[in-house]
Amino acid sequence: MDDINTKILQQGFGVRLVSSYRTRTGLVCRTDRGLLELKKTFSDDVSLETEYALKEYLTSRGFDGLERTYRTAEDMPCFRTEDAAYILVRYVPSGRLETDCMEDMREAAVTLALFHNAAEGFKDERMRMSNRTVEDIFGRRTGEFSRIRKRIKTFGDYTAVDLMVIKYYDCYMERVKMASELLEKADYTEIAQRAAETRQVCHNSFKNDNVRKAESGEIIVSGLDGCTYGPCAADVAHLIRRYIKNENADERGIADIIDSYKQVRSISDRETEIIRGMLIYPYKFFKLCNEHYNKRRVCISEAAVERFENCAAGRDRELELALSVGV
């Protein structure tokens, strides 16, 4: 394996490997250029080139908290072998921001707002536009949920998960209706169009290893290969959704996150409605259904049933917290 990594670093990036060790995110390498990290990537070259251009734009606008990436010896964003593709980044010892630490969540909100401010106006025809309509946001998962329930009733012989889908179907579809009405009321389509015109950039994955705190206290943002043009309110909703997963999450914490964001970038009343609507939508339950029913299995594990039970048990709390946004 070391021989392979040595070859990737030397042939791909012109870097000489001295020693290395593995972490959860990649291979940390001591090299003749300092401490670097070799990571696998599943993005295409277009997405990676767009990310590279966006990073340059963000830096020019004063946003410095970015993971530094290195181009290959052939000036490409990644080195591809027959089996995989690799990117090389500067290694900075860091840790994830914790959703049960309000100081971390406030820092995340401020960093997200700074990112949105700096990224706005980035012009690149390779950048995709996401979710222009309410149907774009909710349609696919909602339609899939309906088809799952229909398939369950057609075949019978219900499993424990099947019974939960049937039991909570009306409850979750009512939440879909509530969420859709809020976004329609806020005229989401018009806001999405304005976001495209002003080139607002959504990160779309502002979580986990994509937002880390260095030992120096600096927040480091990565994962920009999934960025799209779109309403920034979607990123704020995703951040709050991550916080709500914490069992100690409460209304005050949600208000703190929004207030921290608003210290740097404003949130209009219509954007607040969009955030509330996105949080009301039963994303977690639908995601579990997608993962469960699209996976071939011989039997239903107790762990799978428990995940559904825990999700359903928290539905009222989740809804209550979502409705508190902006109140």
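Notes on the structure follow. Position numbers for residues start from 1 in each chain and track the written sequence from start to end. For this predicted model, a pLDDT threshold of at least 70 governs which residues receive local features, and a threshold of 80 or more governs which side-chain atom pairs are given and counted, while totals over whole chains, interfaces and linings are taken from all residues. Only hydrogens and water are set aside; all other atoms, that is, all heavy atoms of the structure, feed into the side-chain values.

1. Here's the deal with helix α9 (residues 269-280)
Each helix is a run of DSSP H or I of at least 4 residues and each strand a run of E of at least 2, with the numbering of both proceeding from the N terminus. In a helix, the anticipated span is given by 1.5 Å times the number of residues less one. Counted at 1.5 Å a residue, the expected span for α9 with its twelve residues is 16 Å, and the 17 Å between its end C-alpha atoms agrees. Most of α9 sits inside the fold, with ten of its twelve residues counted as buried. Of all the residues in α9, the buried ones are Glu 271, Thr 272, Glu 273, Ile 274, Ile 275, Arg 276, Gly 277, Met 278, Leu 279 and Ile 280. Buried-residue contacts for α9 involve α4 (134-155), α5 (160-185), α6 (188-198), α7 (233-244) and α12 (315-323). Burial classes follow relative accessibility: with a 1.4 Å probe on protein chains only, a residue under 20% of its type's maximum area counts as buried, one over 50% as exposed, and anything between as partly exposed. In what follows, residue pairs with any heavy atoms lying within 4.5 Å of each other are defined as contacts.

2. Quick notes on the packing of aromatic side chains
Two rings from Phe, Tyr or Trp (for Trp, the six-membered ring) form a pair when their centres are within 6.5 Å of each other. A pair whose planes differ by under 30 degrees is stacked, one over 60 is edge-to-face, and the rest are tilted. Here the structure, examined in full by the defined rule, presents ten aromatic pairs. Each ring, one from Tyr 57 and one from Phe 122, has its centre 5.5 Å from the other, and the planes form 55°; the classification is tilted. Placement of the pair is Tyr 57 in helix α2 (residues 45-60) and Phe 122 in the loop between α3 (102-119) and α4, with a sequence separation of 65 residues. The buried category is assigned to Phe 122, whose relative accessible area is 3%. A ring pair is formed by Phe 138 and Tyr 281, whose centres lie 4.2 Å apart and whose planes are at 10°; its orientation type is stacked. Of this pair, Phe 138 sits in helix α4 while Tyr 281 sits in the loop between α9 and α10 (283-293), and the two are 143 residues apart along the sequence. The buried category is assigned to Tyr 281, whose relative accessible area is 5%. Ring pairing ties together the aromatic residues Phe 138, Phe 145, Tyr 168, Tyr 169, Tyr 172, Tyr 281, Phe 285, Phe 286 and Phe 308, which thus form one cluster. Comment: the charge-over-ring label is applied if NZ (Lys) or CZ (Arg) is within 6 Å of the ring centre and within 35 degrees of the ring normal. Here the basic side chain of Arg 71 rests over the ring of Tyr 52, its NZ or CZ set 4.5 Å away from the ring centre. The ring of Tyr 283 has Arg 241 sitting right over it, with the charged end atom 4.9 Å from the ring centre.

3. A short note on the sheet that holds strand β7 (residues 94-96)
Across the sheet, three strands lie side by side as β7-β9-β10; this open sheet has antiparallel pairing. Where the open sheet ends on each side, the last strands, each with one partner, are β7 and β10 (219-221). Taking each pair of neighbouring strands and ignoring which way they run, the sheet shows an average axis angle of 40°. Here, any two strands with at least 2 DSSP bridges between them count as paired. Relative to strand β9 (residues 211-214), β7 runs antiparallel, the two sharing three bridges. Bridge pairing in β9 places Ser 94 opposite Ala 214. Axis angles are defined between N-to-C directions and span 0 to 180 degrees, where every axis is a line fitted to C-alpha atoms and, for a helix, only to the segment in contact. Where α3 meets the sheet, its contacts fall on β7, β9 and β10, and the angle it forms with β10 comes to roughly 50°.

4. Quick word on the side chain of Asp 104
Tracing the sequence through the fold places Asp 104 in helix α3. The buried category is assigned to Asp 104, whose relative accessible area is 10%. Setting aside anything within four residues of it in sequence, one finds Asp 104 in contact with Arg 96, Leu 97, Glu 98 and Lys 213.

5. What about the pattern of salt bridges?
Within this document, salt bridges are pairs made up of a side-chain nitrogen of Lys or Arg and a carboxyl oxygen of Asp or Glu, the two lying within 4 Å of each other. Under the counting rule described, the total for this entry stands at 19 salt bridges. One salt bridge connects Arg 24 with Asp 209, and the closest N-O pair in it is separated by 2.9 Å. Of this pair, Arg 24 sits in the loop between β1 (17-22) and β2 (27-31) while Asp 209 sits in the loop between β8 (201-202) and β9, and the two are 185 residues apart along the sequence. Overall, Arg 24 belongs to the exposed group, its relative accessible area being 59%. Between Glu 107 and Lys 213 there is a salt bridge whose closest N-O contact spans 2.5 Å. Of this pair, Glu 107 sits in helix α3 while Lys 213 is found in strand β9, placing the two residues 106 residues apart along the sequence. Under the relative-accessibility criterion, Glu 107 is labelled buried at 19%. Since its relative accessible area comes to 26%, Lys 213 is described here as partly exposed. A single salt-bridge network, built from bridges that share partners, covers Arg 24, Arg 96, Asp 209 and Arg 212.

6. Details of unusual backbone geometry
Phi is positive for Asp 187, close to 55°, though the residue is something other than glycine. Along the chain, the position of Asp 187 falls in the loop between α5 and α6. At Asn 208, a residue that is not glycine, the phi angle is positive and equals roughly 50°. By the element assignment, Asn 208 lies in the loop between β8 and β9. Its relative accessible area of 29% is what places Asn 208 among the partly exposed residues.

Everything listed is a geometric property; what it means functionally is a separate question.
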